[in-house]
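# Summary of structural features
Residues per chain are reported as follows:
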Amino acid sequence: MSLVKVTNLSKKFGKFTALDGVNLEVNSGEIFGFIGPNGAGKSTTIRVLLGILKASEGNVMIFGKDAWNDAVEIHKRVAYVPGDVNLWPNLTGGEVIDLFVKLRGTNNKSRREELIKRFDLDPTKKCRTYSKGNRQKVALIAAFCSDADLYILDEPTSGLDPLMENVFQECVLEVKKAGKSVLLSSHILSEVEKLCDRVGIIREGRIIETGTLKELRHLTRTQVFVETRKPILDLNQMKGIHEIAEKDQGVNFQVDTEEMEHVMKHISQYGIMKLESAPPTLEDLFMRHYEGSEKTDTGVGGAN
Ligand code: ADP
Ligand code: MG
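All values reported here derive from a predicted model rather than from experimental measurement. For every chain, the first residue of its written sequence is number 1, and the numbers climb from 1 along that sequence. Lettering of chains starts at A and numbering of ligands starts at 1, both following the order in which they are written. Residues qualify for local features only when their pLDDT is at least 70, as the model is predicted, and side-chain atom pairs are given and counted only at 80 or more; totals for whole chains, interfaces and linings, by contrast, use all residues. Only heavy atoms go into the side-chain values, all of them from the structure, while hydrogens and water stay out.

### A look at the domain arrangement of the protein
To be explicit about the condition: Bear in mind that the domain bounds are from an automatic or database domain assignment.
For the protein, the assigned domains read domain 1 (2–212) and domain 2 (221–279). Each of domain 1 and domain 2 was reduced to a C-alpha centroid, and the two centroids are 43 Å apart.

Pasting the structure below:
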């Protein structure tokens, strides 16, 4: 069953088209990864889902209700964490957590204490003194304290250090285990690969790929280095081979993952003496999609 169903969503800001026919679905009980470079339209999509922005076109349903018209009702069952958390400067972190938790009508003291401990937050400090990472923790604790059916997390770990990134990942897996659904927007591909059941890749306001990680891996390439007894003469004529380069006694190349079997069979005739391969990553796929787009706008390569 789909908890979130976005059909043909477009959003214009004046003449600028930020979203152009976006389709996406988050099924009950799954973690859906929403990935794309800065400016691709992740936050805009999420703001429409939250009823903060009105769609220019299209249909946006959460729990079978309309994201704009039924926002109040939908919000009772949604927890949201933005990428850049602003808090009331004069309240302490603990007070803000309590406020959020009360607003949601849940009051689970032991869960609150447990999360504060795991995220290593000092809840007695005024929010104005918190770093970005600590503000992020306050919002994450408040979200994971609440008993929502859908967690919408918009690049929620941008200020967290690696240790806290681990705590975050555990929390996401816990809510999934409890049968809840998560929409996680991210540009940290290792995070997405670890957590998500399905992934949608957005670029310039359009979804360019959607599928399970397994399905997307079919679109990936494996990096291979091979040394053979006899030279492989016809490598460049084989289907699914890319980026051939001779190196030392052997040759480096990439293979489309789906062509792997027949490529390996073929080259084994030449007498394999040494074989190395690096597993395909989502990052490679992602980067190939962005080849040709501006190098500075992804934040993808450097962020992890
Ligand atoms: P992402 O979250 O993927 O980084 P955003 O959804 O924030 O991307 O932005 C998508 C595009 O829409 C960007 O080009 C951004 O500048 C533009 N945009 C976002 N919000 C507004 C707004 N309120 N007014 C005008 N343009 C906007
Ligand atoms: Mg964003």
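### Quick word on the pairing of strand E12 (residues 241–247)
Condition: In this analysis, strands are considered paired if DSSP registers two or more bridges between them. What counts as a helix is a DSSP run of H or I of at least four residues, what counts as a strand is a run of E of at least two, and both are numbered from the N terminus.
By the bridge criterion, 5 bridges tie E12 to strand E13 (residues 250–256) in an arrangement that is antiparallel. Bridged to lysine 247 within E13 is glycine 250.

### A few points about the site of ligand 1
Put simply, the test is: For this description, a residue counts as near a given molecule or strand if any of its non-hydrogen atoms is within 4 Å of it. Here a polar contact is taken to be a pair of N or O atoms separated by no more than 3.5 Å, where protein atoms must pair a possible hydrogen donor with a possible acceptor and residues adjacent in sequence count only if both atoms sit in side chains. Lys, Arg, Asp and Glu make up the charged group, whereas Ala, Val, Leu, Ile, Met, Phe, Trp, Tyr, Cys and Pro make up the nonpolar group; the residues left over, Gly among them, are polar.
Close contacts around ligand 1 come from Phe13, Phe16, Ala18, Pro37, Asn38, Gly39, Ala40, Gly41, Lys42, Ser43 and Thr44, and that covers them all. Measuring from an oxygen atom of ligand 1, one finds a backbone N or O atom of serine 43 at 2.8 Å. Measuring from an oxygen atom of ligand 1, one finds a side-chain N or O atom of threonine 44 at 2.5 Å. Those elements that place two or more of their residues in the shell around ligand 1 are strand E2 (16–27) and helix H1 (42–49). Among the elements that line the shell around ligand 1, the one with the most residues is H1, at 3 residues. Of the residues in the shell around ligand 1, the class split is 5 nonpolar, 5 polar and 1 charged.

### Some details on the nonpolar core
It is characteristic of soluble globular proteins that their nonpolar side chains tend to be buried jointly. Cut-off, in case you're wondering: For the purposes of this section, nonpolar cores are sets of buried Ala, Val, Leu, Ile, Met, Phe, Trp, Tyr and Cys residues that join through side-chain atoms within 4.5 Å. Under the scheme applied here, a residue whose accessible area is under 20% of the maximum for its type counts as buried, over 50% as exposed, and between as partly exposed, the area being computed with a 1.4 Å probe on protein chains only. In this analysis, two residues are considered to be in contact whenever any of their non-hydrogen atoms come within 4.5 Å of each other.
Membership of the largest hydrophobic core comes to 43 residues, with the highest contact counts inside it found for Phe119, Phe144, Leu153 and Phe168. Sorting elements by how many residues they give to this core places helix H5 (residues 132–145) first, with 7 residues. Among residues more than four places away in sequence, those in contact with leucine 153 are Val81, Phe144, Phe168, Val172, Val182, Leu183, Leu184 and Ser185. Judged by nonpolar contacts, the second largest core, of 26 residues, contains Leu9, Ala40, Leu53 and Ile74.

### Examining the pattern of salt bridges
Heads up, the condition is: By definition here, a salt bridge exists when the distance from a side-chain nitrogen of Lys or Arg to a carboxyl oxygen of Asp or Glu is within 4 Å.
The tally for this structure, following the rule as stated, stands at 22 salt bridges. Its salt-bridge partner being arginine 135, residue aspartate 84 comes within 3.9 Å of it at the nearest N-O pair. Residue aspartate 84 is located in the loop between strand E6 (78–81) and helix H3 (93–103), and its partner arginine 135 is located in helix H5; the two are separated by 51 residues in the primary sequence. Two residues, lysine 265 and glutamate 261, come together in a salt bridge whose shortest N-O distance is 3.5 Å. Taken together, the residues span about one helical turn, with lysine 265 and glutamate 261 both in helix H9 (residues 260–268) at a distance of 4 residues. Grouping residues by exposure puts lysine 265 and glutamate 261 together as exposed.

### Points about the confidence of the model for the protein
Here is the rule we go by: Summary of the metric used: pLDDT quantifies the predictor's per-residue confidence within the range 0 to 100.
When the pLDDT values of the protein are averaged, the result is 88; 92% of them are 70 or greater. For the stretch residues 294–304, pLDDT sits under 50, and the model shows 18 contacts to residues farther than four places along the chain or on other chains.

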